[in-house]
Amino acid sequence: NRKLFLKSRAIGLELYVVYSEIAKLGGSVMLFNLTPHEINVADADGNIVLSLPKCANPVRLVPEYEIVGNEDRIPVVKSVFPVASVKDVVEKIDDVLRVTGATRVVVSTVVAQAVADHFSTGVVVSPDTFFNVVRDEKNQVKAVRRFQCF
């Protein structure tokens, strides 16, 4: 892996650029981790094949909740993201893609779901922490084996 650290005043983010060969993602890709967590990717045997450092200034979205029902005094809510907040995140991701030439941006599942309609499938991905992960002795996620998009 070849790592390059970039600082961009234009978008106000410090980014790690990682060039790597990942066959499951279609060959040579440039991944940007815009989450506050280090992301490890493992192969089928559980070996770590890629580590993406955490982002110093991650993109985040905080949902608001709309009550859509009530089941025996238990509220049922729907996550709603303020349009202005989504627009800001979309602009930051657009800037990252434009300024750096990235092919994929890694974000949280919440962010990936909220911006899915704004990007081509697979451009914005999140770690799939549910299916077939590698866990440590404390049963915490040590590595993912795939990314997901919405």
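Everything numeric here is computed off the predicted structure, so don't read it as measured data. (Residues numbered from 1 in each chain as written. Predicted model: local features only at pLDDT ≥ 70, side-chain atom pairs only at ≥ 80, totals over all residues. Heavy atoms only, no water.)

A. Local environment of the nonpolar core. Counting residues in each nonpolar core, the largest one holds 22 residues, and the members touching the most others are L34, I93, V107, V111, V115, F119 and V124. Where this core is concerned, the elements lending two or more residues are β3 (27-33), α1 (83-100) and α2 (109-115). Broken down by element, the residue count for this core peaks at six residues, all from α1. Residue contacts for F119: discarding those within four places in its chain leaves V90, I93, D94, L97 and V124. Among the nonpolar cores identified, the runner-up in size contains 10 residues, and L31, L52, V106 and F147 belong to it. (Core = buried A, V, L, I, M, F, W, Y, C linked by side-chain atoms within 4.5 Å. Buried < 20%, exposed > 50% of the residue type's maximum accessible area, 1.4 Å probe, protein only. Helix = DSSP H or I, 4+ residues; strand = E, 2+ residues; numbered from the N terminus. Contact = heavy atoms within 4.5 Å.)

B. A look at the environment of K92. Relative to the assigned elements, K92 resides in helix α1. Overall, K92 belongs to the partly exposed group, its relative accessible area being 32%. Along the chain, K92 and V59 lie 33 residues apart, while their C-alpha atoms are 7.8 Å from each other.

C. Local environment of the pairing of strand β9 (residues 124-127). Taking every second residue as pointing to the same face, both faces of β9 are buried, with V124 and S126 on one and V125 and P127 on the other. Once the chain exits strand β8 (residues 104-106) it traverses α2 before rejoining the sheet at β9, and the crossover so formed is right-handed. (Right-handed = clockwise from strand over helix to strand, strands pointing away.)

D. Main features of the side chain of R145. Tracing the backbone shows R145 in the loop between β11 (141-143) and β12 (147-148). This buried residue, R145, is left without a salt bridge; D43 holds the nearest opposite charge, at 6.0 Å. Among the polar contacts made by the side chain of R145, one reaches the main-chain carbonyl oxygen of D43 at a distance of 3.0 Å. (Lys, Arg positive; Asp, Glu negative; His and termini not counted. Salt bridge = Lys/Arg side-chain N within 4 Å of Asp/Glu carboxyl O. Polar contact = N/O pair within 3.5 Å; in protein donor to acceptor, adjacent residues only side chain to side chain.)

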